[in-house]
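One-letter residues, chain by chain:
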Amino acid sequence: MTDAASHALPPVPLHGLLFDVAGASAQGPRKENQDAFDVDAFVTRGVVAVADGMGGERAGRLAADTALSALMQGAEIRSLDSARYAVRAADEAVARLAQQSPDERGGMGCALALMALSVDRGGDVGWIGAHVGDVRILSRSPDGTVRLETRDHTPAYARWEAGEIALDEIPDSPGSNKLQRAVGRGGEAEATWIPVRAGWTYLLVSDGVTKAMRLDELGHAMALPSSESICQSITRKVEERGPDDNYTAVAVRVLDGGGGGGGGGDATMPAPPPRQGGVASVASHQSSRSGSPASAGGSAESPDRVGSANSPRNLFNPPAETDLNGPRRPSRSGGIAPLLIALLALGLAGYAAWAATQSSGGGNDAALAAQVDSLRNEVRSLRARAAVGDTMGVGTDSLAVAGAGAGAVTPAPGAVAPPAAPPAAAQTTTGRTTTPATPTKQP
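The text that follows walks through the structure, step by step, so that each part is easy to find.

Each value, and the rule that gives it
- One numbering rule holds for all chains: residues counted from 1, following each sequence as written.
- Reporting in this predicted model follows two pLDDT cut-offs: at least 70 for local features of residues, and 80 or more for side-chain atom pairs to be given and counted; totals over whole chains, interfaces and linings ignore these cut-offs and use all residues.
- For side-chain calculations, the full set of non-hydrogen atoms in the structure is used, while hydrogens and water are omitted.
- With a 1.4 Å probe rolled over the protein chains alone, any residue whose accessible area is under 20% of its type maximum counts as buried; one over 50% counts as exposed, and the rest are partly exposed.
- Secondary structure elements follow DSSP: runs of H or I of four or more residues count as helices, runs of E of two or more count as strands, with numbering from the N terminus.
- Following DSSP output, two strands are said to pair if at least two bridges run between them.
- A 3.5 Å cut-off defines polar contacts: any pair of N or O atoms within that distance qualifies, except that in protein one atom must be a possible hydrogen donor and the other a possible acceptor, and neighbouring residues in sequence count only when both atoms are side-chain atoms.
- Classification of ring pairs rests on two measures: the distance between centres of Phe, Tyr or Trp rings, Trp counted by its six-membered ring, which must be within 6.5 Å, and the angle between planes, read as stacked under 30 degrees, edge-to-face over 60 and tilted in between.
- Only the contacting stretch of a helix is used when fitting its axis, a line to C-alpha atoms as for every element, and angles between N-to-C directions run 0 to 180 degrees.
- Any two residues whose heavy atoms approach within 4.5 Å at even a single point are treated as in contact.
- Expected span of a helix: the number of residues minus one, times 1.5 Å.
- By convention a nonpolar core is built from buried Ala, Val, Leu, Ile, Met, Phe, Trp, Tyr and Cys residues, the set being connected through side-chain atoms within 4.5 Å.
- Throughout, the protein atoms alone are placed on a 1 Å grid, and a set of points is a cavity if a 1.4 Å probe fits but cannot get out or a pocket if it is open with protein on both sides within 12 Å along at least five of seven lines; lining residues have an atom within 4 Å of a point.
- Grid points are joined across faces, edges and corners, and a volume is the space filled by probe spheres set on the points.
- Three classes are used: nonpolar for Ala, Val, Leu, Ile, Met, Phe, Trp, Tyr, Cys and Pro, charged for Asp, Glu, Lys and Arg, and polar for all others, with Gly counted as polar.

Things to note about the pairing of strand β11 (residues 201-205)
Stage number 1. Counting buried positions over the five residues of β11 gives five, a clear majority of the element.
Stage number 2. Residues T201, L203 and V205 point to one face of β11 and Y202 and L204 to the other, with burial holding for every one of them.
Stage number 3. Bridge count between strand β8 (residues 136-140) and β11: five bridges; the pairing is antiparallel. Of the residues in β11, the one forming a bridge with I137 is L204.
Stage number 4. Relative to strand β12 (residues 247-256), β11 runs antiparallel, the two sharing five bridges. Bridge pairing in β12 places V205 opposite A249.

Things to note about the environment of Y202
Stage number 1. Structurally, Y202 can be placed in strand β11.
Stage number 2. Residues Y202 and I137 lie 65 residues apart in sequence; the distance between their C-alpha atoms is 7.2 Å.
Stage number 3. Only 2.7 Å separates the side chain of Y202 from the backbone oxygen of P195, close enough to count as a polar contact.

Quick word on the packing of aromatic side chains
Stage number 1. Inspection of the entire model under this criterion finds six aromatic pairs.
Stage number 2. A centroid spacing of 6.1 Å and a plane angle of 70° characterise the contact between F19 and W127, whose relative ring orientation is edge-to-face. Of this pair, F19 sits in strand β3 (residues 17-26) while W127 sits in strand β7 (residues 125-132), and the two are 108 residues apart along the sequence.
Stage number 3. For W127, a relative accessible area of 0% puts it in the buried group.
Stage number 4. Between W200 and Y202, the aromatic rings sit 6.3 Å apart at their centres with planes inclined by 20°, giving stacked as the arrangement.
Stage number 5. On the accessibility criterion, W200 (2% relative accessible area) is buried.
Stage number 6. Overall, Y202 belongs to the buried group, its relative accessible area being 0%.
Stage number 7. Within the aromatic cluster, the residues linked to one another by ring pairs are F19, F42, W127, W200 and Y202.

Digging into the sheet that holds strand β5 (residues 47-53)
Stage number 1. If you walk across this open sheet you meet the five strands as β4-β5-β6-β7-β10, and the pairing is antiparallel. Only two strands of the sheet have a single neighbouring strand rather than two, namely β4 (35-38) and β10 (190-195). Ignoring which end each strand starts from, the neighbouring axes of this sheet average 15° apart.
Stage number 2. Taken together, the eight bridges between strand β6 (residues 110-119) and β7 define a ladder with antiparallel strand orientation. Counted as the bridge partner of L114 is A130 from β7.
Stage number 3. The strands that helix α2 (residues 60-73) touches are β4, β5 and β6; relative to β5, the one it contacts most, it runs at about 160°.

Comments concerning the environment of D134
Stage number 1. Within the fold, D134 resides in the loop between β7 and β8.
Stage number 2. We classify D134 as buried; its relative accessible area is 3%.

Brief notes about helix α8 (residues 227-241)
Stage number 1. Relative to the 21 Å expected for 15 residues at 1.5 Å per residue, α8 spans 22 Å between its end C-alpha atoms, a close match to the ideal helical length.
Stage number 2. When α8 is considered as a whole, its buried residues turn out to be S227, S229, I230, C231, S233, I234, T235 and V238.
Stage number 3. Positive phi appears at G242, one or two residues downstream of α8, with a value of about 80°.

Some thoughts on the environment of L71
Stage number 1. Along the chain, L71 falls in helix α2.
Stage number 2. The exposure class of L71 is buried, given its relative accessible area of 3%.
Stage number 3. A C-alpha to C-alpha distance of 9.7 Å links L71 and Y85, two positions 14 residues apart in sequence.
Stage number 4. Beyond its immediate sequence surroundings of up to four residues, L71 is in contact with R45, A49, A86, V87, A90, L112 and L114.

Some thoughts on the nonpolar core
Stage number 1. Counting residues in hydrophobic clusters, the biggest one holds 32 residues, and the most contacted among them are L71, V87, L114 and V183.
Stage number 2. Looking at this core, the elements with two or more residues in it are β5, α2, α3 (80-100), β6 and β7.
Stage number 3. The dominant element in this core, judged by the number of residues it contributes, is α3, at eight residues.
Stage number 4. Within the second largest apolar cluster, 30 residues are counted, among which are A111, L117, I194 and W200.

Remarks on helix α7 (residues 215-222)
Residues spaced three or four apart along an α-helix point in a common direction, a consequence of the helix completing one turn every 3.6 residues.
Stage number 1. For α7, the buried fraction is high: seven of the eight residues fall into the buried class.
Stage number 2. L215, D216, E217, L218, G219, A221 and M222 are the residues of α7 that are buried.
Stage number 3. Those residues of α7 that are buried lie in contact with β8, β9 (146-148), β11, α6 (207-210) and α8.

Details of the side chain of D216
Stage number 1. Locating D216 in the fold gives a position in helix α7.
Stage number 2. At 2.9 Å, the side chain of D216 forms a polar contact with the side chain of R214.

Observations regarding empty space enclosed by the protein
Stage number 1. Applying the stated rule across the entire model yields four cavities of 30 Å³ or more.
Stage number 2. One number sums up the size of the largest cavity: a volume of about 100 Å³.
Stage number 3. In this structure, the largest cavity is lined by D134, R136, D152, T154, I170, P171, S176, D207, T210 and K211.
Stage number 4. Along the lines of polarity and charge, the residues of the lining of the largest cavity split into two nonpolar, three polar and five charged.

Written as structure tokens, this is what we have:
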């Protein structure tokens, strides 16, 4: 390993919580480490970020450094829109620098992900997460559930969303090294709100890490007792398997600061509810790169739960004891059946009256007279049952056909939800002209 860099901060108290922050980056087999990270700005701005220069492109490291510098020198990030504006400013800074020396820097760009600590109107602490490209943001809750909070802007990731490949097959699939969005080439950021809780761990990694490690393995690393040990574990594992790219990891562990403010408190508190705009809790299948089966658990006390790639692509992968179908809906047949009984009674009463008329006209039809008496008795019986709300004797099939009493249909726990729409094609900005682009990260 060459050109290795690592940095850990002393615990940082913010919003009644204590944050343990560290980062590490290594060159791997490349001639230059085109990855860059920033954790120092967390102390003053509450921001951590990772940028991955486009491998094989000119000035990839310069693009990564320029993007991070623009982020840290820009306005504070306190909303999803401000995060998008911040990434847009970084994009413009990289593009301007490239235009100053097109022969040496033309087309340079990078992938980027950031997390900015913020407080919403309700006083809850959370991350404003934003990303462009394939730098990923992950989270791990105290119960061991690992969540992928971002979606790669690559054709290979779109194939996973379409159900064509397994999640851990993405790095080895065609299109995994082609960014559909890039900072410096007009790439628009996706932004999301990620709740912050004591006991949770968050991780930003470049694709050099995800090429070498499955998500369940990253989940095991995230269970370690310090952010520095998390980064060291990831570095050691990538080096053991032989990296083929630069690789970078930034870890943030949230401790209970004891101040009771904004989300502090019990580290075993339940997971947050589903979030709009988030990405599914995802799973790792057995990876051909590691040669070992995907582990389903960490320690016996808090196993890492990473859902199957065949699991529903919902926003939140609930604990095993959670009823995916939700609470049962009360039956509506109790209120509708008496009405149906009353309507049947009215119909029978009308028929009985008509039959009585026919009987009186014939005079000697004893059988018809007996039928009339029977119908009258049935009418009295139906009216009595309607008065007490008795639904016995009314077929449930009739209620279902009428749309009453039929419960909501919910997908089976193992069903696969429709995949997300493929990401839009990126746009490269050159002067005032925009043209579609699929920049290549690696040669």
